[in-house]
Amino acid sequence: MSEFHKLGLTALAAGLRARKFSSVELTGALLERIEASQQALNAFISVLREPALAQAAAADRELAAGRGGPLAGVPIAHKDLFCTEGVRTTCGSRMLGNFVAPYDATVVAKLKRSGAIVIGKTNMDEFAMGSSNETSYYGPVRNPWDPHLVPGGSSGGSAAAVAARLVPGATATDTGGSIRQPAALCGITGMKPTYGRVSRYGMVAFASSLDQGGTLTASAADAALMLREMAGFDARDSTSVDTPVPDYVAALEEPLKGLRIGLLREFFDKGLDAHNEQRVREALKVFESLGARLEEVSLPHLPLSVPVYYVVAPAECSSNLARYDGVRFGHRCENPRDLNDLYRRSRGEGFGDEVKRRIMTGTYVLSAGYYDAYYIKAQRVRALINADFISAFKSVDVLMGPTTPTPAFALGAKTSDPITMYLNDIYTIGANLAGLPAISVPCGFVQDLPVGLQIVGPHFSEARVLTAAHAFQRATEWHTRIPAAYA
Amino acid sequence: MSLTREQIASIATLARLELSAAEVPDYQDTLSRIIDFVGALEACQTAGVTPMAHPLAGLSQRLRPDEVTETDHHELYQQNAPQVEAGLYLVPKVIE
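## Some words on the overall build of chain B
Working step 1: Scanning chain B for helices and strands turns up 3 helices and 2 strands.
Working step 2: Ordered by position from the N terminus, the helices and strands of chain B form the series α-α-α-β-β.
Working step 3: Projecting the C-alpha coordinates of chain B onto the three principal axes gives extents of approximately 55 × 45 × 25 Å.
Working step 4: Within the span of chain B, comprising 96 residues, buried residues form 16% of the whole.

Pasting the structure below:
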């Protein structure tokens, strides 16, 4: 049995470049792991065996000739909302069950140019709306640490695939916590960059002022490498920011000494599980021992972040999902009576329960008579939350706290009440509302389940956030733990 | 606050969503609870605060020169369409 899965993205890229093993061997070994785990985890919607092996053979030829990009020959997976040319891209929905993307998302194109192999497309909550991966039309994903538990969501397939070491890295997106929350629940590293840092072109839209692509990997060092290859200005995304991408890998070894860490008082609230809190406080002690200074900070409007989000995100969702009309692409009902019937039934059949709930919530808050009371009000409170963060970053370099209130929960435990499910993202949503970079890193276990520490930085401080996470991972070994069934 | 069956039907009409009779009570219940939950915003003092429409404050929308940059891909794109004839998307008759 090969040991490839124990190596991370950085080590695999170096091993391929040094010709210690071939991409065909590596890709074949990971395909076997994916196929062997599919029934238990359901982490993938599409496994691209033949195309991946063909890409691997091509990568081996490049490497043999001394060419190839930084990720030459390394297999990765894409969340199934990144358009991948010639490949079915479902977004976890029946609506896009037959949709074959006619072009590559910028993220997919950039990672291909860097040499990465696309091994498959991962399962996700439908249209990225969910925190447990239970809203997928293609069935729930299971947590590799315990199959009775959810992996988190919406990037549950990408997180489970990396946690079970089926792939060394996977793309993901984060609208309210969909990278960081599953990373915490699966015991891996999840990096959400600043809004505008990674192109949204070809990334199926949910809430356009919040959606941001990022990475799921075992370590922060791997995240630095993968993000460096994904990030950058893209003229095709009108909110892409034209700021140079620093070399996140080169910045990793910068010393932490003197780093001012703000402890977010609002994150250590009554909803936080006492054991989770203990693991997070132990992690903060590690940072102190590395020379960082801790001080408590308060963001008074932060407790309103979930209500703000559940106005803004559904409003943008109802507008974005209006494009699914049963005419140009996506599901169409049988025998429509007229055009209105075509729209109504195609959408009623194509969308699942949670997606319909969010479209209707958004329609309500944007409708005449309610727009000012809900939508404009939420945008004002969003401005106050943003101002709270900006003011906090005048006295501290980064903010830290838990990623989630509890470890992974059981399948079905929170499906009956949407509010209970929404509150799972209580600590992650703030960074989306303010567009800030944030990472979740494993910081210990509670009853054999991983716990995540969250680090949030000012706009465009990805290097600082990654460097802090990397320093923590040099001092600890939580990120190297692999679930027993996949060791 | 409790949304009525009629309000749910009206929202579904605006959103062009067909709901079965069995689905309505659940949406009545959950949407009412969500609207109550976001009602917490009402108590927040926001007088004089400019609504935030872009997560990166101070950035304005970029413009590009008015030049043709894309080529015609309609045949490729129409491969994903449910019904196409002679390069046209087909829908039920709209005008008698």
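## Remarks on the interface of chain A and chain B
Working step 1: At the interface, 54 residues of chain A touch 42 residues of chain B.
Working step 2: Those elements that provide at least two residues to the side of chain A that touches chain B are helix 9 (305-320), helix 10 (339-350), helix 11 (353-366), helix 12 (371-392) and helix 13 (418-422) of chain A.
Working step 3: Here the side of chain A that touches chain B gets 11 residues from one element, more than from any other, and that element is helix 12 of chain A.
Working step 4: Grouping the constituent residues of the side of chain A that touches chain B by class yields 29 nonpolar, 13 polar and 12 charged.

## Concerning the pairing of strand 4 (residues 169-174) of chain A
Residues and elements named next belong to chain A.
Working step 1: Counted residue by residue, strand 4 has 6 buried out of 6 residues, so it is predominantly covered.
Working step 2: Residues G169, T171 and T173 line one face of strand 4 and the alternating positions A170, A172 and D174 line the opposite face, and both faces are buried.
Working step 3: Bridging between strand 4 and strand 6 (residues 212-217) involves 6 bridges; their strand directions are antiparallel. Paired with G169 across the bridge in strand 6 is T217.

## What about helix 7 (residues 220-230) of chain A?
All names here are of chain A.
Working step 1: For helix 7, the buried fraction is high: 11 of the 11 residues fall into the buried class.
Working step 2: For helix 7, the full list of buried residues reads A220, A221, D222, A223, A224, L225, M226, L227, R228, E229 and M230.
Working step 3: Positioned one or two residues after helix 7, G232 has a phi angle of 130°, which is positive.

## Observations regarding helix 15 (residues 462-475) of chain A
Since the α-helix packs 3.6 residues into each turn, any two residues three or four apart lie on the same face.
All names here are of chain A.
Working step 1: When the terminal C-alpha atoms of helix 15 are compared, their 20 Å separation across 14 residues agrees well with the 20 Å that a helix rising 1.5 Å per residue should span.
Working step 2: Burial analysis of helix 15 places 12 of its 14 residues in the buried class, the great majority of the element.
Working step 3: For helix 15, the complete set of buried residues consists of E462, A463, R464, V465, L466, T467, A468, A469, H470, A471, F472 and Q473.
Working step 4: Buried residues belonging to helix 15 abut strand 5 (189-192), helix 7, helix 8 (274-289), strand 9 (398-402), strand 10 (438-446) and strand 11 (449-456).

## Thoughts on the nonpolar core
Residues and elements named next belong to chain A.
Working step 1: Residues I76, I119, V308, V311, V398, I455 and L466 are the most contacted members of the largest nonpolar core, which totals 164 residues.
Working step 2: A total of 9 residues in this core trace back to one element, the largest contributor, which is helix 9.
Working step 3: Residues in contact with I455, not counting those within four places in the same chain, are V398, M400, A438, I439, V465, A468 and A469.

## Details of the packing of helix 9 of chain A against helix 11 of chain A
Residues and elements named next belong to chain A.
Working step 1: It is the contact of helix 9 with helix 11, at a shortest axis distance of 7 Å, that shows an interaxial angle of 100°. As far as their axial angle goes, helix 11 and helix 9 are roughly perpendicular. For the pair helix 9 and helix 11, the contacting residues are Y310, V311, P314, A315, C317 and S318 in the first and R358, I359, T361, G362, T363, V365 and L366 in the second.
Working step 2: When the residues that make up the contact of helix 9 with helix 11 are grouped by side-chain class, the tally is 8 nonpolar, 4 polar and 1 charged.

## Looking at the confidence of the model for chain B
Working step 1: Scored by pLDDT, chain B comes out at a mean of 92, with 100% of its residues at no less than 70.
Working step 2: Both confidence scores are given for the complex: pTM 0.97, ipTM 0.96.

## Some remarks on the pairing of strand 6 of chain A
Residues and elements named next belong to chain A.
Working step 1: Strand 6 sits mainly inside the fold: 6 of its 6 residues count as buried.
Working step 2: With 3 bridges joining them, strand 5 and strand 6 adopt antiparallel strand pairing. Residue pairing across strands places G190 opposite L216, the latter belonging to strand 6.

The rules behind each value
- Residues numbered from 1 in each chain as written.
- Chains lettered and ligands numbered in written order.
- Predicted model: local features only at pLDDT ≥ 70, side-chain atom pairs only at ≥ 80, totals over all residues.
- Helix = DSSP H or I, 4+ residues; strand = E, 2+ residues; numbered from the N terminus.
- Buried ≥ 20, exposed ≤ 12 C-beta atoms within 10 Å, placed from the backbone.
- Contact = placed C-beta atoms within 7 Å.
- Nonpolar A, V, L, I, M, F, W, Y, C, P; charged D, E, K, R; others polar.
- Pairing = 2+ DSSP bridges.
- Expected span 1.5 Å × (residues − 1).
- Core = buried A, V, L, I, M, F, W, Y, C linked by C-beta atoms within 7 Å.
- Axes fitted to C-alpha atoms, helices over the stretch in contact; angles between N-to-C directions.
- Parallel < 35°, antiparallel > 145°, perpendicular 65-115°, else oblique.
- pLDDT = per-residue confidence, 0-100.

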